[in-house]
Each structure stands twice: as C-alpha cells, then as structure tokens.
Amino acid sequence: MRADLVIVAPAEGASVAAPVPVVIAAQEGGGTGSADFTLSVDGQPVDRLGAVGSGAAFTSLSLAAGKSITISVRGLADGGHQLKVGYAAHDDNPKPDIVRNFVVSSSGAAGGRRRGVLLVVVLILLPVIAATVLRRKRLHQRVRRLGRYR
C-alpha cells in the first residue's frame, strides 16, 4: 500500500521569508510503503535542490513511510504562491494533489531579524555620532574664544 503524503511546512496562509523551507512527510497509509510525488510552485516544477522552473532536475521523488524531506525552495518573489504535491500517476488508485497557499515576504522571519540588527546598530551609533558632533562644536567654540583674547 502506498504511503500518504502530508505538507508539514509551510503552514496554510503562512508568511515566510525566502528561501522557503518545504517539509513533506510520508505517513503509513494502512500499511508500509513509499510514495512517489512531484513538487511544484505556481505550476512550475521544483527539484530536490529547490530550483524552480524549467531547470528543475527531476520529475518525481520517492519518500518511504515514516520519513520526511526538507527542500529549500529558492528564487520566489514576494507575494502569494501555491505549493502543490502531486502523487505520481503510476498507481491504480490515484490520490488528489495536496495544495498549500503561502506568502513570501521580505519582512518575514529573516527580514525581521535584519531590521532588528539594523535598529540596534542605529541605536548604538546615534549617541556616538551626537557626542562627536557636540565635542567638535565645543572645541570649535574654544578655538574661537582663544582667537578673540590674543
């Protein structure tokens, strides 16, 4: 009997940062076995290395029951996308495709971390810059006073 496939990640409607980690798991479907499947994003094939489009290097993957695979899908633009896991068509008992919708956002997890680091750097540098400007201003005032009293 063929294993049942499940999309573990990304969650339905999730906002994620690129590259998108796609996790597919095979569960035992009333017996042991494996499942052959294809992976696509927005109708374009995705290979084992996460490449999307005509350069995708495989037509199907095989996953044993009880196992999972993580594929980092690269090159997706910001916005909504549809992930589709399709069972290979060599079985007498076909199963429907599994579809998951998600959003790629540059302000996702990684973008938020980058923004946080930038904020910390600015908060550290701002007082240093202000102190430097203030010191230069005071030094300039002292030099001007010394020039008047000579």
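Structure shown above.
Since this is a predicted model, take the numbers as computed values, not measurements.

How each quantity is defined
Residues numbered from 1 in each chain as written. Predicted model: local features only at pLDDT ≥ 70, side-chain atom pairs only at ≥ 80, totals over all residues. Heavy atoms only, no water. Helix = DSSP H or I, 4+ residues; strand = E, 2+ residues; numbered from the N terminus. Buried < 20%, exposed > 50% of the residue type's maximum accessible area, 1.4 Å probe, protein only. Contact = heavy atoms within 4.5 Å. Areas by Shrake-Rupley, 256 points an atom, 1.4 Å probe, with all protein chains shown as cover. Core = buried A, V, L, I, M, F, W, Y, C linked by side-chain atoms within 4.5 Å. Polar contact = N/O pair within 3.5 Å; in protein donor to acceptor, adjacent residues only side chain to side chain. Pairing = 2+ DSSP bridges. Axes fitted to C-alpha atoms, helices over the stretch in contact; angles between N-to-C directions. Salt bridge = Lys/Arg side-chain N within 4 Å of Asp/Glu carboxyl O.

**Student:** Please provide a residue-by-residue account of the overall build of the protein, values included.
**Tutor:** The helix and strand tally for the protein stands at one helix and nine strands. Each helix (α) and strand (β) of the protein, taken in turn from the N terminus, gives the series β-β-β-β-β-β-β-β-β-α. Out of the 150 residues belonging to the protein, those deemed buried represent 31%. Of all intrachain contacts in the protein linking residues separated by at least 6 positions in sequence, the fraction that spans at least 24 positions is 64%. In the structure as shown, the protein presents an accessible area of about 9800 Å², 57% of it carried by carbon and sulfur atoms.

**Student:** Break down the nonpolar core for me, with residues and values.
**Tutor:** The biggest cluster of nonpolar side chains holds 27 residues, and the ones touching the most others in it are Leu5, Val20, Ile24, Phe37, Val73 and Val85. Those elements giving two or more residues to this core turn out to be strand 1 (4–9), strand 3 (20–27), strand 4 (34–41), strand 6 (61–64), strand 7 (68–73), strand 8 (79–87) and strand 9 (98–104).

**Student:** Outline the side chain of His81, supporting the account with residue identities and numerical values.
**Tutor:** Among the secondary structure elements, His81 is positioned in strand 8. On the basis of relative accessibility, which here comes to 10%, the residue His81 falls in the buried class. Here Asp42 takes part through its side chain, which lies 2.5 Å from a polar atom of the side chain of His81. Filtering out sequence-adjacent residues up to four positions away, His81 remains in contact with Val41, Asp42, Leu76, Arg100, Asn101, Phe102 and Val104.

**Student:** Quick one: what's the story with the sheet that holds strand 3, residue by residue and with numbers?
**Tutor:** Spatially, the three strands line up as an open sheet ordered 1-3-7, and their pairing is antiparallel. Each edge of the open sheet is held by one strand with a lone partner, namely strand 1 and strand 7. Averaged over all neighbouring strand pairs, the angle between strand axes comes to 25°, with direction disregarded. Pairing geometry for strand 1 and strand 3, over five bridges, is antiparallel. Opposite Ile7, over in strand 3, you have Ile24 as the bridge partner.

**Student:** Describe the pattern of salt bridges, with residues and values.
**Tutor:** Applying the stated criterion to the full structure yields one salt bridge. Here Arg100 and Glu12 are joined by a salt bridge, their closest N and O atoms 3.8 Å apart. Taken together, the residues Arg100 in strand 9 and Glu12 in the loop between strand 1 and strand 2 (15–16) connect sequence positions 88 residues apart.

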